[in-house]
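Here's the letter readout for the chains.
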Amino acid sequence: MTPSFQDSASLPPDLLAAVLCRLQEGVLLYADDGRLVYANPAAQVLCRAHPLWSETHARIEDLLPPHALPQARDEGRWSDYLPFGEGRMLAARLYVLDEHEGRFLLLLQDPGLVREGEQELLRRHEELNVRLTAAQAKLLQAEKLASIGQLAAGVAHEINNPIGYVHSNLASLQEYLSSLFALIDVYERALHSPDPQAMQAEIDTTRERLDIDFISRDLPQLMTESRQGIERVTRIVRDLKDFSRTDRDSAWKLADLHAGLESTLNIVWNELRYKVTLEREYGTLPMVECLQSELNQVFMNLLLNAGQAIEERGTIGLRTGHADGMVWVEISDDGPGIPADMQQRIFDPFFTTKPVGTGTGLGLSISYGIVAKHHGRIEVDSAPGRGSRFKVVLPVRQPARAG
């Protein structure tokens with residue numbers, strides 16, 4: 001006899017718990033705000049392999065991609081395979097329990113427990129995942145080059161300005177050398193004359209006519225300015241080279257995030273300098289294990305977005321800090337802010353509020369993926385009329401490589 005709804009609802013809690021404990025499938029129940037309410041033993045075992053899992057502060061956003069919750073709310077369910085730990089995939093199904101105050105039911109299944117008929121589907125999914133990873137790498141590089149393309153005029157100005165005054169200084173240097181050689185010629189004639197003292201008046205006249213005293217004061221400053229201009233160009237070229245290269249063949253390395261921020265600012269500053277006041281509040285950061293050129297792209301996207309949010313004059317804040325094995329970089333602006341309904345979509349691929357030709361809609365989406373690859377997260381705090389704050393939180397050491 002099939003039990004009625006009333007019979008099922010009257011099951012003793014200890015019996016229901018015993019049933020859930022016997023399941024090999026992970027069962028997780030979340031409140032409508034994304035907070036974990038219940039996880040059966042199988043789910044706890046599976047989730048411990050996930051780098052963002054927390055026994056005390058588990059949230060549904062830590063396990064699922066950004067589009068999962070909106071799709072589940074729209075369609076009542078969502079399913080896909082999720083990466084858990086190093087090279088491990090889990091089958092995931094998410095349901096919205098509307099009859100229970102909009103709670104979420106997440107079911108996780110180890111690939112080894114997938115039915116035989118689904119093994120081929122899983123194999124194809126893994127193949128597609130490999131192809132997707134390759135496509136994402138190409139997209140990442142394309143977005144880097146697109147960013148540089150959008151900044152080309154500003155970067156050219158940043159390079160042309162120091163080159164311009166170095167060129168001008170070289171013209172002055174040529175005149176100064178001519179004057180110094182003329183004075184040296186007078187000195188040589190005096191040295192070879194029978195009475196050098198007799199040429200003292202000519203020497204003094206030549207020094208005054210060529211303004212040698214001014215040259216002796218101006219020449220060191222001219223050389224210093226020229227050296228600074230060449231160093232400025234060298235820095236810009238080096239930063240562009242570091243930013244545009246691919247990390248495909250690079251190993252994870254310990255890097256200085258402050259140096260990465262300053263390098264990125266060096267590239268984008270011409271886009272910001274005329275309307276932005278920059279406020280730095282840097283904390284003390286340890287060296288962070290990361291792919292620095294990819295994180296620099298995150299910083300560039302956030303800085304450019306902050307600058308574009310400011311219409312005339314405004315302030316961009318850069319703040320950093322370190323606590324409990326995590327570092328954070330915060331980029332804020334005092335622009336108009338982001339409406340709540342748009343905040344749910346800002347990390348979606350190709351979503352943009354910018355006019356055609358000024359944005360690809362990939363910046364934040366790619367940034368989200370880069371930070372997720374670093375086992376970190378991006379926090380957003382924004383409201384109309386009070387600006388926006390994007391906080392990138394990263395582990396000091398990658399979980400799979402720690403120790």
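The structure this text deals with has already been given above.
Keep in mind that this is a model prediction, so the values were computed, not measured.

*Asks:* Hey, could you run me through the nonpolar core in this one?
*Replies:* What tends to happen in soluble globular proteins is that the nonpolar side chains get buried as a cluster. Grouped together as the largest cluster of nonpolar side chains are 38 residues, with contacts concentrated most on Leu257, Val268, Ile316 and Phe390. In terms of residues, this core owes the most to one element, helix H10 (residues 292–309), which gives 8 residues. Counting 24 residues, the second largest nonpolar core, distinct from the first, contains Ala43, Ala72, Leu90 and Leu108.

*Asks:* I'm lost on the sheet that holds strand S7 (residues 276–281) in this one. Help?
*Replies:* Sheet strands line up and pair through hydrogen bonds in the backbone, either parallel or antiparallel. Reading across the sheet, the 5 strands line up as S7-S9-S10-S12-S11 and stay open at both edges, with mixed pairing between neighbours. Unpaired on one side and paired on the other, S7 and strand S11 (377–382) mark the two borders of the sheet. Between one strand axis and the next, the sheet turns by 15° as a mean value, whatever way the strands run. With 8 bridges joining them, strand S9 (residues 314–323) and strand S10 (residues 326–333) adopt antiparallel strand pairing. Opposite Ile316, over in S10, you have Asp333 as the bridge partner. The sheet strands contacting helix H9 (residues 257–272) are S7, S9, S10 and strand S12 (388–395), and the helix crosses S7 at an angle near 175°.

*Asks:* I'm lost on the pattern of salt bridges in this one. Help?
*Replies:* Summed over the entire model, instances satisfying the criterion amount to 14 salt bridges. Two residues, Lys373 and Glu294, come together in a salt bridge whose shortest N-O distance is 3.0 Å. In this pair, Lys373 is assigned in helix H12 (residues 363–373) and Glu294 in helix H10, connecting sequence segments 79 residues apart. Here Lys373 falls in the partly exposed class, since its relative accessible area comes to 40%. Close ionic contact of Glu330 with Arg389 constitutes a salt bridge, the shortest N to O distance being 3.4 Å. Remark: Arg389 occurs in strand S12 and Glu330 occurs in strand S10; sequence separation between them is 59 residues. Assessed through its relative accessible area of 10%, Glu330 is described here as buried.

*Asks:* What exactly am I supposed to notice about the packing of H9 against H10 here?
*Replies:* When two helices pack together, you describe them by how their axes are tilted relative to each other and by the distance separating the axes. With their axes 9 Å apart at the nearest point, H9 and H10 run at an angle of 40° to one another. Classified by the interaxial angle, the pair formed by H9 and H10 is oblique. Note on packing geometry: the crossing formed by H9 with H10 is right-handed. Packed against H9, whose contacting residues are Leu257, Ala259, Gly260, Leu261, Thr264, Leu265, Ile267, Val268, Glu271 and Leu272, the element H10 presents Gln292, Leu295, Asn296, Phe299, Met300, Leu303, Leu304 and Gly307 at the interface. Taken together, the residues that form the contact of H9 with H10 break down as 12 nonpolar, 5 polar and 1 charged.

*Asks:* Please explain H9 as it appears in this structure.
*Replies:* Residue pairs spaced three or four apart in an α-helix point in one direction, given the helix's 3.6 residues per turn. The largest bend along H9 reaches roughly 45° and is located at Asn266. Among the 16 residues that make up H9, 12 are buried, leaving the element largely enclosed by the rest of the structure. Within the sequence span of H9, burial applies to Leu257, His258, Gly260, Leu261, Ser263, Thr264, Leu265, Asn266, Ile267, Val268, Asn270 and Leu272. Sitting at the amino-terminal end of H9 is Asp256, which places a side-chain oxygen 3.0 Å from the backbone nitrogen of His258.

*Asks:* Explain the sheet that holds strand S2 (residues 36–39) to me, please; I cannot follow it from the model alone.
*Replies:* Read across the sheet, 5 strands follow the order S2-S1-S5-S4-S3 without closing on themselves; strand pairing throughout is antiparallel. With partners counted over all chains shown, the strands left at the sheet margins are S2 and strand S3 (77–83), one partner each. Mean inter-strand twist for the sheet, computed between neighbouring axes without regard to direction, equals 20°. The sheet contact formed by strand S1 (residues 26–30) and S2 spans 3 bridges and is antiparallel. The residue bridging Leu28 from the neighbouring strand is Ala39, located in S2.

*Asks:* Just checking my understanding: could you explain the packing of aromatic side chains for this structure?
*Replies:* Here the distance between the centres and the angle between the planes together describe a pair of aromatic rings. With the rule as written, the count across this model stands at 1 aromatic pair. Judged by centre distance (6.5 Å) and plane angle (85°), the ring pair of Tyr176 and Phe214 falls under edge-to-face. In this pair, Tyr176 sits in helix H6 (residues 152–192) while Phe214 sits in helix H8 (residues 212–244), placing the two residues 38 residues apart along the sequence. Sitting over the ring of Tyr274, Arg273 keeps its end group 5.8 Å from the ring centre.

*Asks:* So what exactly am I meant to see when it comes to unusual backbone geometry here?
*Replies:* With the exception of glycine, most residues fall at negative phi, and the peptide bonds are largely trans. Of note in this structure, Asp324 is not a glycine but carries a positive phi near 55°. Inspection of the secondary structure puts Asp324 in the loop between S9 and S10. With a relative accessible area of 78%, Asp324 lands in the exposed category. Phi at His375 takes a positive value of approximately 60°, unusual for a residue other than glycine.

*Asks:* Is there a simple way to think about the side chain of Asp333 in this case?
*Replies:* Inspection of the secondary structure puts Asp333 in strand S10. Buried charge without a salt bridge: Asp333, with Arg319 as the nearest opposite-charge side chain at an N-O distance of 10.0 Å. From its side chain, Asp333 meets the backbone nitrogen of Gly335 in a polar contact 2.8 Å long.

*Asks:* Any chance you could explain a nonpolar patch on the surface here in plain terms?
*Replies:* A cluster of nonpolar side chains, Leu177, Phe181 and Ile184, forms an exposed patch at the surface whose accessible area comes to about 290 Å². Note on placement: Ile184 falls in helix H6. On the basis of relative accessibility, which here comes to 41%, the residue Ile184 falls in the partly exposed class.

Conventions used here
Residues numbered from 1 in each chain as written. Predicted model: local features only at pLDDT ≥ 70, side-chain atom pairs only at ≥ 80, totals over all residues. Heavy atoms only, no water. Core = buried A, V, L, I, M, F, W, Y, C linked by side-chain atoms within 4.5 Å. Buried < 20%, exposed > 50% of the residue type's maximum accessible area, 1.4 Å probe, protein only. Helix = DSSP H or I, 4+ residues; strand = E, 2+ residues; numbered from the N terminus. Pairing = 2+ DSSP bridges. Axes fitted to C-alpha atoms, helices over the stretch in contact; angles between N-to-C directions. Contact = heavy atoms within 4.5 Å. Salt bridge = Lys/Arg side-chain N within 4 Å of Asp/Glu carboxyl O. Parallel < 35°, antiparallel > 145°, perpendicular 65-115°, else oblique. Left-handed = near helix turned anticlockwise from the far one by under 90°. Nonpolar A, V, L, I, M, F, W, Y, C, P; charged D, E, K, R; others polar. Bend = angle between axes of the 7 residues up to and from the residue. Polar contact = N/O pair within 3.5 Å; in protein donor to acceptor, adjacent residues only side chain to side chain. Phe/Tyr/Trp six-rings, centres within 6.5 Å; stacked < 30°, edge-to-face > 60°. Lys NZ or Arg CZ within 6 Å of the ring centre and 35° of its normal. Lys, Arg positive; Asp, Glu negative; His and termini not counted. Patch = residues over 30% accessible without salt bridge, like charges linked within 9 Å, V, L, I, M, F, W, Y side chains within 5 Å. Areas by Shrake-Rupley, 256 points an atom, 1.4 Å probe, with all protein chains shown as cover.

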